[in-house]
Amino acid sequence: MASWLPETLFEIVGQGPAPSKDYYQLLVTRSQAIFRWWKISLRSEYRSAKPGEAKDSHEEFLENSHLQVQIALIFGARILDYVFNLCEGKFDFLERLSDNLLLNIISYLDLEDIARLSQTSRRFAQLCTSDKLWEKIVESACDTITPDMRALAEDVGWRQMFFTSKLQLQRRLRKRKHRQGSQRDSQF
């Protein structure tokens, strides 16, 4: 299963904690953890300093506590935990699926499960509230979607359309038709 993973599993760049202006990059590939740094300073002793790089295999990284401390200081404990998981072979395959495929999968979930999934990450929050998902859900819940319903959904959003009662929906559609009719009348 790991064979369909991209060569680069994770990459992050950042600046060292204040007052440092040093620049850091952490790159995790299928076989290595690569940590790069660039000293940025006006001090004369650092002007000639060249960028540095530490390349460790995943196994070496898991034992390199000095490098782990540096990564935790620069990028935080959550990033260190994530890199640890990658180096231990614990990949999040679900996170690597395309948005369209995930939207298709999510559209089969119950509403409660969609609400819970939306709380797991930013990406899933965006997907679970996206108009593409709610359009699929509305289409599967309704027998037919008229052009007026589609236009209303594009105005108010597919999610809002789903949670609107049939009575409220009919009222909104009538108001929309009435407005369009009065706009056409005022043009003549």
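Residues numbered from 1 in each chain as written. Predicted model: local features only at pLDDT ≥ 70, side-chain atom pairs only at ≥ 80, totals over all residues. Heavy atoms only, no water.

*Asks:* Can you tell me about the overall build of the protein chain, naming the residues and giving the values?
*Replies:* Scanning the protein chain from terminus to terminus reveals 11 helices and 4 strands. Against the 2.2 N^0.38 benchmark of 16 Å for 188 residues, the protein chain shows a C-alpha radius of gyration of 26 Å, more extended than a compact globule. In the protein chain, which comprises 188 residues, the proportion classed as buried is 29%. Sequence separation of at least 24 residues holds for 42% of the intrachain contacts in the protein chain that already meet a minimum separation of 6. Working note: accessible area of the protein chain is about 12800 Å², and carbon and sulfur atoms make up 51% of it. Looking at the protein chain, you have 27 positive and 25 negative side-chain charges, and the mean spots of the two groups are 8 Å apart. (Helix = DSSP H or I, 4+ residues; strand = E, 2+ residues; numbered from the N terminus. Rg over C-alpha atoms; globule rule 2.2 N^0.38 Å. Buried < 20%, exposed > 50% of the residue type's maximum accessible area, 1.4 Å probe, protein only. Contact = heavy atoms within 4.5 Å. Areas by Shrake-Rupley, 256 points an atom, 1.4 Å probe, with all protein chains shown as cover. Lys, Arg positive; Asp, Glu negative; His and termini not counted. Charge placed at Lys NZ, Arg CZ, Asp CG, Glu CD.)

*Asks:* Lay out helix α8 (residues 131-141) in plain terms, naming residues and giving numbers.
*Replies:* All of the buried residues along α8 are L133, W134, I137 and V138. Buried residues of α8, viewed axially, fall in a sector of 130 degrees; they line one side. Summarising the geometry of α8, the exposed residues directed more than 90 degrees from the buried face are K132 and S140. Looking at the buried residues of α8, the elements they touch are α5 (99-106), α6 (111-117), α7 (122-128) and α10 (158-163). (Arc of directions from axis to C-beta.)

*Asks:* Give a description of the sheet that holds strand β1 (residues 8-15) that names residues and reports values.
*Replies:* As summarised here, the arrangement of the 4 strands in space is β1-β2-β3-β4, forming an open sheet in which the pairing is antiparallel. Strands with a single pairing partner mark the edges of an open sheet, and in this sheet they are β1 and β4 (52-57). The sheet shows a mean angle of 10 degrees between the axes of neighbouring strands, taken without regard to direction. Note: strand β3 (residues 32-38) against β4, 6 bridges, orientation antiparallel. When the bridges of β4 are listed, Q32 appears paired with S57. The strands that helix α4 (residues 77-87) touches are β1, β2 (23-29) and β3; relative to β1, the one it contacts most, it runs at about 155 degrees. (Pairing = 2+ DSSP bridges. Axes fitted to C-alpha atoms, helices over the stretch in contact; angles between N-to-C directions.)

*Asks:* Now, about the domain arrangement of the protein chain: what can you tell me, with residues and values included?
*Replies:* Parsing the protein chain into structural domains produces domain 1 (8-94) and domain 2 (99-185). If you average the C-alpha positions of domain 1 and of domain 2, the two centres end up 43 Å apart. (Domains from an automatic or database assignment.)

*Asks:* Give a detailed account of a nonpolar patch on the surface, specifying residues and quantitative values.
*Replies:* Together, V13, Y23 and I40 make up an exposed nonpolar region whose accessible area comes to about 250 Å². Within the fold, I40 resides in the loop between β3 and α1 (44-47). (Patch = residues over 30% accessible without salt bridge, like charges linked within 9 Å, V, L, I, M, F, W, Y side chains within 5 Å. Salt bridge = Lys/Arg side-chain N within 4 Å of Asp/Glu carboxyl O.)

*Asks:* I'd like a description of the nonpolar core, backed by residues and values.
*Replies:* One finds I106, I114 and L133 to be the most contacted residues of the largest nonpolar core, which totals 19 residues. It is α8 that contributes the most residues to this core, 4 residues altogether. Filtering out sequence-adjacent residues up to four positions away, L133 remains in contact with L103, I106, S107, I114, L127 and C128. Judged by nonpolar contacts, the second largest core, of 18 residues, contains L26, F35, V83 and C87. (Core = buried A, V, L, I, M, F, W, Y, C linked by side-chain atoms within 4.5 Å.)

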